[in-house]
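Here are the chains, one letter per residue:
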Amino acid sequence: MTAGRATPASEVYQPVFDHLERLTDDRGLFEHALGTVPRREHGYCVDDAARGLVVACHEPDPGPPVRRLARCYLAFVLDALDPAGACHNRMAADGQWRDEPALGDWWGRALWGLGVAATSAQTPGMRARALGGFRIAAQARSPHVRSMAFAALGAAELLSRRPDEIAARALLVDTLAAIGGGQDDDFRWPWPEERLSYANASVAEALIVAGDALPDAVALSRGLSLLEFLLRTETRDGHLSVTPVGGRGPDDVGPGYDQQPIEVSALADACGSAFRITHQSSWLAGVRLAWDWFGGNNDSATPMFDPRTGGGYDGLERRGRNLNQGAESTLAMLATAQQARRMSERE
(Lines give C-alpha, C1' and ligand atoms only; values in the text may rest on other atoms or scores of the structure.)
Protein backbone atom coordinates (compact mmCIF):
# COMPACT_ATOMS: atom_id res chain seq x y z
CA MET A 1 0.00 0.00 0.00
CA THR A 2 1.44 3.32 -0.94
CA ALA A 3 1.45 6.48 1.11
CA GLY A 4 -0.51 9.45 -0.16
CA ARG A 5 -0.33 13.18 0.09
CA ALA A 6 -1.20 14.71 3.44
CA THR A 7 -4.17 17.06 3.42
CA PRO A 8 -3.08 20.52 4.66
CA ALA A 9 -4.95 21.81 7.70
CA SER A 10 -5.68 25.00 5.78
CA GLU A 11 -7.98 23.06 3.46
CA VAL A 12 -11.38 23.02 5.17
CA TYR A 13 -13.01 19.68 4.47
CA GLN A 14 -16.79 19.59 4.46
CA PRO A 15 -17.86 16.20 5.87
CA VAL A 16 -19.31 13.80 3.31
CA PHE A 17 -21.81 11.23 4.57
CA ASP A 18 -22.05 8.91 1.56
CA HIS A 19 -20.22 6.00 3.18
CA LEU A 20 -22.10 6.40 6.46
CA GLU A 21 -25.33 6.17 4.46
CA ARG A 22 -24.01 3.02 2.78
CA LEU A 23 -23.43 1.45 6.21
CA THR A 24 -26.95 2.34 7.43
CA ASP A 25 -30.21 0.62 6.56
CA ASP A 26 -33.71 1.26 7.92
CA ARG A 27 -32.88 -0.52 11.18
CA GLY A 28 -29.44 0.69 12.17
CA LEU A 29 -25.74 1.17 11.44
CA PHE A 30 -23.73 -1.90 10.46
CA GLU A 31 -20.64 -2.19 12.63
CA HIS A 32 -18.12 -3.66 10.17
CA ALA A 33 -17.26 -3.43 6.49
CA LEU A 34 -15.14 -5.49 4.13
CA GLY A 35 -13.50 -2.70 2.22
CA THR A 36 -16.48 -0.44 1.62
CA VAL A 37 -19.16 -3.16 1.72
CA PRO A 38 -21.19 -3.51 4.95
CA ARG A 39 -20.75 -6.87 6.68
CA ARG A 40 -24.39 -7.50 7.48
CA GLU A 41 -23.62 -10.82 9.15
CA HIS A 42 -21.93 -8.92 12.00
CA GLY A 43 -25.02 -6.85 12.73
CA TYR A 44 -25.34 -3.53 14.51
CA CYS A 45 -24.24 -2.10 17.85
CA VAL A 46 -25.28 0.74 20.14
CA ASP A 47 -21.65 1.87 20.42
CA ASP A 48 -21.76 2.99 16.79
CA ALA A 49 -25.38 4.15 16.66
CA ALA A 50 -24.74 6.45 19.62
CA ARG A 51 -21.59 7.83 18.02
CA GLY A 52 -23.55 8.31 14.81
CA LEU A 53 -26.23 10.19 16.72
CA VAL A 54 -23.61 12.59 18.10
CA VAL A 55 -22.15 13.25 14.65
CA ALA A 56 -25.54 13.68 12.96
CA CYS A 57 -26.79 16.07 15.66
CA HIS A 58 -23.55 18.10 15.59
CA GLU A 59 -23.89 18.77 11.86
CA PRO A 60 -24.93 22.45 11.73
CA ASP A 61 -27.03 22.42 8.54
CA PRO A 62 -28.03 18.81 7.90
CA GLY A 63 -29.71 17.85 4.68
CA PRO A 64 -32.41 15.17 4.41
CA PRO A 65 -29.92 12.23 4.39
CA VAL A 66 -28.27 13.30 7.66
CA ARG A 67 -31.65 13.98 9.26
CA ARG A 68 -32.71 10.47 8.28
CA LEU A 69 -29.55 9.05 9.87
CA ALA A 70 -30.24 10.94 13.09
CA ARG A 71 -33.79 9.57 13.29
CA CYS A 72 -32.57 6.03 12.65
CA TYR A 73 -29.81 6.16 15.26
CA LEU A 74 -32.04 7.76 17.90
CA ALA A 75 -34.68 5.04 17.45
CA PHE A 76 -32.00 2.33 17.68
CA VAL A 77 -30.52 3.69 20.92
CA LEU A 78 -33.91 4.17 22.55
CA ASP A 79 -34.93 0.63 21.65
CA ALA A 80 -31.80 -0.68 23.40
CA LEU A 81 -32.68 0.77 26.82
CA ASP A 82 -33.91 -1.30 29.72
CA PRO A 83 -36.49 0.35 32.06
CA ALA A 84 -33.93 0.23 34.88
CA GLY A 85 -31.34 2.11 32.80
CA ALA A 86 -29.10 -0.65 31.46
CA CYS A 87 -28.60 -1.01 27.72
CA HIS A 88 -28.32 -3.70 25.07
CA ASN A 89 -25.41 -3.34 22.65
CA ARG A 90 -25.49 -5.90 19.84
CA MET A 91 -28.36 -6.57 17.45
CA ALA A 92 -28.34 -9.17 14.67
CA ALA A 93 -29.29 -8.24 11.13
CA ASP A 94 -32.73 -9.80 11.72
CA GLY A 95 -33.49 -7.20 14.42
CA GLN A 96 -33.02 -9.45 17.48
CA TRP A 97 -30.87 -8.28 20.37
CA ARG A 98 -28.02 -10.72 20.93
CA ASP A 99 -27.11 -9.71 24.49
CA GLU A 100 -28.65 -8.78 27.81
CA PRO A 101 -28.82 -5.15 28.95
CA ALA A 102 -25.62 -4.12 30.74
CA LEU A 103 -23.50 -1.09 31.67
CA GLY A 104 -20.47 -1.32 29.38
CA ASP A 105 -19.08 1.36 27.09
CA TRP A 106 -22.26 1.27 24.99
CA TRP A 107 -24.33 2.43 27.99
CA GLY A 108 -22.05 5.43 28.39
CA ARG A 109 -22.11 6.18 24.68
CA ALA A 110 -25.91 5.87 24.66
CA LEU A 111 -26.05 8.61 27.30
CA TRP A 112 -23.57 10.65 25.28
CA GLY A 113 -25.70 10.40 22.15
CA LEU A 114 -28.96 11.01 23.99
CA GLY A 115 -27.57 14.03 25.82
CA VAL A 116 -26.43 15.57 22.55
CA ALA A 117 -29.70 14.72 20.80
CA ALA A 118 -31.73 16.19 23.67
CA THR A 119 -30.14 19.57 22.94
CA SER A 120 -29.31 19.47 19.22
CA ALA A 121 -31.63 17.03 17.39
CA GLN A 122 -33.48 18.55 14.45
CA THR A 123 -37.06 18.51 15.81
CA PRO A 124 -38.71 19.16 19.20
CA GLY A 125 -40.13 15.64 19.14
CA MET A 126 -36.70 14.07 18.71
CA ARG A 127 -35.27 16.24 21.47
CA ALA A 128 -38.09 15.25 23.83
CA ARG A 129 -37.64 11.53 23.08
CA ALA A 130 -33.90 11.80 23.59
CA LEU A 131 -34.36 13.58 26.91
CA GLY A 132 -36.72 10.87 28.10
CA GLY A 133 -34.22 8.20 27.11
CA PHE A 134 -31.39 10.05 28.83
CA ARG A 135 -33.35 10.17 32.08
CA ILE A 136 -34.01 6.42 31.89
CA ALA A 137 -30.35 5.50 31.27
CA ALA A 138 -29.11 8.01 33.84
CA GLN A 139 -30.76 6.00 36.61
CA ALA A 140 -27.90 3.51 36.38
CA ARG A 141 -24.20 3.76 37.13
CA SER A 142 -21.40 1.79 35.51
CA PRO A 143 -18.38 0.42 37.41
CA HIS A 144 -16.19 1.22 34.39
CA VAL A 145 -14.29 4.51 34.07
CA ARG A 146 -14.66 4.77 30.27
CA SER A 147 -18.40 4.16 30.47
CA MET A 148 -18.83 6.92 33.02
CA ALA A 149 -16.60 9.27 31.03
CA PHE A 150 -18.66 8.78 27.84
CA ALA A 151 -21.87 9.32 29.81
CA ALA A 152 -20.47 12.53 31.28
CA LEU A 153 -19.94 13.99 27.82
CA GLY A 154 -23.65 13.73 27.12
CA ALA A 155 -24.60 14.91 30.60
CA ALA A 156 -22.43 18.02 30.31
CA GLU A 157 -23.86 18.94 26.91
CA LEU A 158 -27.38 18.51 28.25
CA LEU A 159 -26.63 20.55 31.35
CA SER A 160 -25.27 23.40 29.21
CA ARG A 161 -28.77 23.87 27.77
CA ARG A 162 -30.82 22.65 30.75
CA PRO A 163 -28.95 23.76 33.90
CA ASP A 164 -31.70 22.39 36.16
CA GLU A 165 -31.47 18.84 34.80
CA ILE A 166 -30.91 16.91 38.03
CA ALA A 167 -30.10 13.58 36.38
CA ALA A 168 -27.29 15.13 34.33
CA ARG A 169 -25.79 16.95 37.30
CA ALA A 170 -25.81 13.84 39.48
CA LEU A 171 -24.17 11.84 36.73
CA LEU A 172 -21.33 14.36 36.46
CA VAL A 173 -20.74 14.29 40.21
CA ASP A 174 -20.54 10.50 40.17
CA THR A 175 -18.22 10.54 37.14
CA LEU A 176 -15.68 12.63 39.04
CA ALA A 177 -15.81 10.11 41.87
CA ALA A 178 -15.41 7.21 39.42
CA ILE A 179 -12.32 8.68 37.77
CA GLY A 180 -10.85 9.34 41.20
CA GLY A 181 -7.57 10.94 42.17
CA GLY A 182 -5.38 8.45 40.34
CA GLN A 183 -1.64 8.96 40.09
CA ASP A 184 -1.48 12.73 39.73
CA ASP A 185 1.33 12.94 42.27
CA ASP A 186 3.60 11.15 39.79
CA PHE A 187 4.76 13.88 37.41
CA ARG A 188 6.28 11.33 35.04
CA TRP A 189 3.04 9.37 34.73
CA PRO A 190 0.09 11.44 35.96
CA TRP A 191 -2.49 9.34 34.10
CA PRO A 192 -5.10 7.81 36.50
CA GLU A 193 -4.50 4.33 35.06
CA GLU A 194 -1.33 2.24 34.86
CA ARG A 195 -1.51 2.22 31.05
CA LEU A 196 -3.15 4.24 28.33
CA SER A 197 -5.71 2.13 26.49
CA TYR A 198 -8.39 3.48 24.12
CA ALA A 199 -10.31 6.75 23.72
CA ASN A 200 -8.00 8.07 26.41
CA ALA A 201 -8.76 11.73 25.83
CA SER A 202 -12.43 11.09 26.68
CA VAL A 203 -11.38 10.62 30.31
CA ALA A 204 -9.62 13.99 30.30
CA GLU A 205 -12.55 15.59 28.48
CA ALA A 206 -15.02 14.22 31.04
CA LEU A 207 -13.06 15.96 33.80
CA ILE A 208 -12.91 19.18 31.76
CA VAL A 209 -16.61 19.38 30.92
CA ALA A 210 -17.76 18.19 34.37
CA GLY A 211 -15.43 20.65 36.06
CA ASP A 212 -16.85 23.45 33.95
CA ALA A 213 -20.51 22.47 34.37
CA LEU A 214 -20.72 21.76 38.10
CA PRO A 215 -18.49 23.92 38.55
CA ASP A 216 -15.41 22.23 40.06
CA ALA A 217 -12.19 24.13 39.43
CA VAL A 218 -10.00 21.27 40.68
CA ALA A 219 -11.55 18.78 38.26
CA LEU A 220 -11.28 21.25 35.38
CA SER A 221 -7.61 21.93 36.11
CA ARG A 222 -6.85 18.23 36.39
CA GLY A 223 -8.59 17.44 33.13
CA LEU A 224 -6.61 20.12 31.30
CA SER A 225 -3.37 18.81 32.80
CA LEU A 226 -4.17 15.25 31.72
CA LEU A 227 -4.99 16.44 28.22
CA GLU A 228 -1.64 18.26 28.05
CA PHE A 229 0.06 15.03 29.16
CA LEU A 230 -1.73 13.05 26.46
CA LEU A 231 -0.73 15.49 23.74
CA ARG A 232 2.91 15.34 24.87
CA THR A 233 2.84 11.55 25.06
CA GLU A 234 1.04 11.03 21.76
CA THR A 235 2.98 13.52 19.64
CA ARG A 236 6.18 12.51 17.84
CA ASP A 237 8.24 14.52 15.35
CA GLY A 238 5.49 17.10 14.96
CA HIS A 239 2.60 14.67 14.31
CA LEU A 240 0.29 12.51 16.35
CA SER A 241 1.61 9.05 17.20
CA VAL A 242 -1.31 7.78 19.22
CA THR A 243 -1.63 4.86 21.60
CA PRO A 244 -2.04 1.63 19.62
CA VAL A 245 -4.46 -1.23 20.26
CA GLY A 246 -2.04 -2.84 22.72
CA GLY A 247 -1.95 0.25 24.92
CA ARG A 248 0.98 2.30 26.12
CA GLY A 249 2.76 2.41 29.46
CA PRO A 250 5.32 4.77 30.99
CA ASP A 251 8.28 2.76 29.66
CA ASP A 252 7.03 2.23 26.11
CA VAL A 253 8.96 4.10 23.40
CA GLY A 254 8.63 4.61 19.68
CA PRO A 255 5.52 4.44 17.52
CA GLY A 256 3.08 1.60 18.05
CA TYR A 257 0.63 -0.01 15.64
CA ASP A 258 -2.31 -0.68 15.06
CA GLN A 259 -3.35 2.97 15.75
CA GLN A 260 -7.10 3.49 15.90
CA PRO A 261 -9.00 6.54 14.59
CA ILE A 262 -11.11 6.62 17.77
CA GLU A 263 -8.03 7.73 19.74
CA VAL A 264 -7.44 10.61 17.34
CA SER A 265 -11.08 11.66 17.38
CA ALA A 266 -11.16 11.64 21.20
CA LEU A 267 -8.16 14.00 21.23
CA ALA A 268 -9.85 16.34 18.76
CA ASP A 269 -13.05 16.42 20.83
CA ALA A 270 -11.19 17.01 24.08
CA CYS A 271 -9.11 19.82 22.61
CA GLY A 272 -12.26 21.36 21.15
CA SER A 273 -13.91 21.33 24.58
CA ALA A 274 -10.76 22.71 26.23
CA PHE A 275 -10.74 25.61 23.77
CA ARG A 276 -14.46 26.30 24.20
CA ILE A 277 -14.11 26.44 27.97
CA THR A 278 -10.73 28.20 28.38
CA HIS A 279 -10.69 30.29 25.17
CA GLN A 280 -6.98 29.47 24.91
CA SER A 281 -6.11 29.20 21.24
CA SER A 282 -3.25 26.78 21.98
CA TRP A 283 -5.83 23.97 22.22
CA LEU A 284 -6.71 24.45 18.56
CA ALA A 285 -3.29 23.03 17.70
CA GLY A 286 -4.47 19.68 19.09
CA VAL A 287 -7.47 19.71 16.76
CA ARG A 288 -5.17 20.53 13.86
CA LEU A 289 -2.83 17.64 14.71
CA ALA A 290 -5.81 15.27 14.83
CA TRP A 291 -7.16 16.34 11.47
CA ASP A 292 -3.69 16.21 9.92
CA TRP A 293 -3.35 12.61 11.17
CA PHE A 294 -6.34 11.67 9.02
CA GLY A 295 -4.85 13.63 6.14
CA GLY A 296 -1.64 11.59 6.24
CA ASN A 297 0.62 13.40 8.72
CA ASN A 298 1.13 10.29 10.83
CA ASP A 299 3.70 7.56 11.52
CA SER A 300 3.09 5.84 8.18
CA ALA A 301 2.54 8.97 6.06
CA THR A 302 -0.77 7.48 4.93
CA PRO A 303 -4.14 9.26 4.52
CA MET A 304 -6.77 7.62 6.69
CA PHE A 305 -9.98 8.48 4.89
CA ASP A 306 -11.54 8.72 1.45
CA PRO A 307 -12.53 12.36 0.95
CA ARG A 308 -14.92 11.48 -1.88
CA THR A 309 -17.16 9.21 0.19
CA GLY A 310 -16.33 10.13 3.78
CA GLY A 311 -15.22 6.59 4.59
CA GLY A 312 -12.61 6.18 7.33
CA TYR A 313 -10.00 3.41 7.33
CA ASP A 314 -9.97 1.03 10.27
CA GLY A 315 -6.39 1.35 11.50
CA LEU A 316 -2.96 2.78 10.83
CA GLU A 317 -0.40 0.04 10.27
CA ARG A 318 3.38 0.10 10.01
CA ARG A 319 3.30 0.02 6.21
CA GLY A 320 0.01 1.71 5.52
CA ARG A 321 -3.57 1.21 6.57
CA ASN A 322 -6.31 -1.33 7.08
CA LEU A 323 -8.47 -0.93 3.97
CA ASN A 324 -11.73 -1.81 5.71
CA GLN A 325 -14.01 1.17 6.36
CA GLY A 326 -16.12 0.31 9.39
CA ALA A 327 -18.56 2.50 11.29
CA GLU A 328 -16.28 3.41 14.21
CA SER A 329 -13.46 4.65 11.99
CA THR A 330 -15.80 6.50 9.64
CA LEU A 331 -17.52 8.27 12.52
CA ALA A 332 -14.18 9.12 14.14
CA MET A 333 -13.08 10.81 10.94
CA LEU A 334 -16.37 12.67 10.52
CA ALA A 335 -16.31 13.90 14.13
CA THR A 336 -12.73 15.12 13.71
CA ALA A 337 -13.65 16.85 10.45
CA GLN A 338 -16.46 18.64 12.27
CA GLN A 339 -14.01 19.80 14.94
CA ALA A 340 -11.54 20.98 12.29
CA ARG A 341 -14.28 22.93 10.54
CA ARG A 342 -15.24 24.63 13.79
CA MET A 343 -11.56 25.41 14.39
CA SER A 344 -11.28 27.09 11.00
CA GLU A 345 -14.27 29.27 11.86
CA ARG A 346 -12.57 30.45 15.08
CA GLU A 347 -9.17 31.25 13.64
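Please refer to the structure higher up on the page.
Residues numbered from 1 in each chain as written. Predicted model: local features only at pLDDT ≥ 70, side-chain atom pairs only at ≥ 80, totals over all residues. Heavy atoms only, no water.

S.K.: Help me understand the packing of aromatic side chains in this model?
M.R.: How two aromatic rings sit relative to each other is set out by the distance from centre to centre and by the angle between their planes. A complete count under the given rule lists 11 aromatic pairs for this structure. Note on Trp189 and Phe229: the rings are 5.2 Å apart at their centroids and 90° apart in plane angle, and the pair reads as edge-to-face. Highlighted residues: Trp189 in the loop between helix H7 (166–179) and helix H8 (200–213) and Phe229 in helix H9 (residues 217–233), separated in sequence by 40 residues. Since its relative accessible area comes to 4%, Phe229 is described here as buried. Through a chain of ring-to-ring contacts, three or more aromatic side chains come together here, namely Tyr13, Trp291, Trp293, Phe294 and Phe305. The ring centre of Tyr198 lies 5.2 Å from the NZ or CZ of Arg146, which sits over that ring. One Lys or Arg, Arg321, reaches over the ring of Tyr313 and ends 4.2 Å from the middle of that ring. (Phe/Tyr/Trp six-rings, centres within 6.5 Å; stacked < 30°, edge-to-face > 60°. Helix = DSSP H or I, 4+ residues; strand = E, 2+ residues; numbered from the N terminus. Buried < 20%, exposed > 50% of the residue type's maximum accessible area, 1.4 Å probe, protein only. Lys NZ or Arg CZ within 6 Å of the ring centre and 35° of its normal.)

S.K.: Got a minute to help me understand the packing of helix H10 (residues 261–278) against helix H11 (residues 284–295) in this structure?
M.R.: Axis angle and axis distance: for two packed helices, these are the angle between their axes and the distance between the axes, and together they describe the pair. The contact between H10 and H11 brings their axes to 8 Å, and the two run at 155°. Taken together, H10 and H11 sit at an angle that is classed as roughly antiparallel. The two elements H10 and H11 cross, and the hand of that crossing is left-handed. Along its contact with H10, which presents Pro261, Val264, Ala268, Cys271, Gly272 and Phe275, the element H11 presents Leu284, Gly286, Val287, Ala290, Trp293 and Phe294. (Axes fitted to C-alpha atoms, helices over the stretch in contact; angles between N-to-C directions. Parallel < 35°, antiparallel > 145°, perpendicular 65-115°, else oblique. Left-handed = near helix turned anticlockwise from the far one by under 90°. Contact = heavy atoms within 4.5 Å.)

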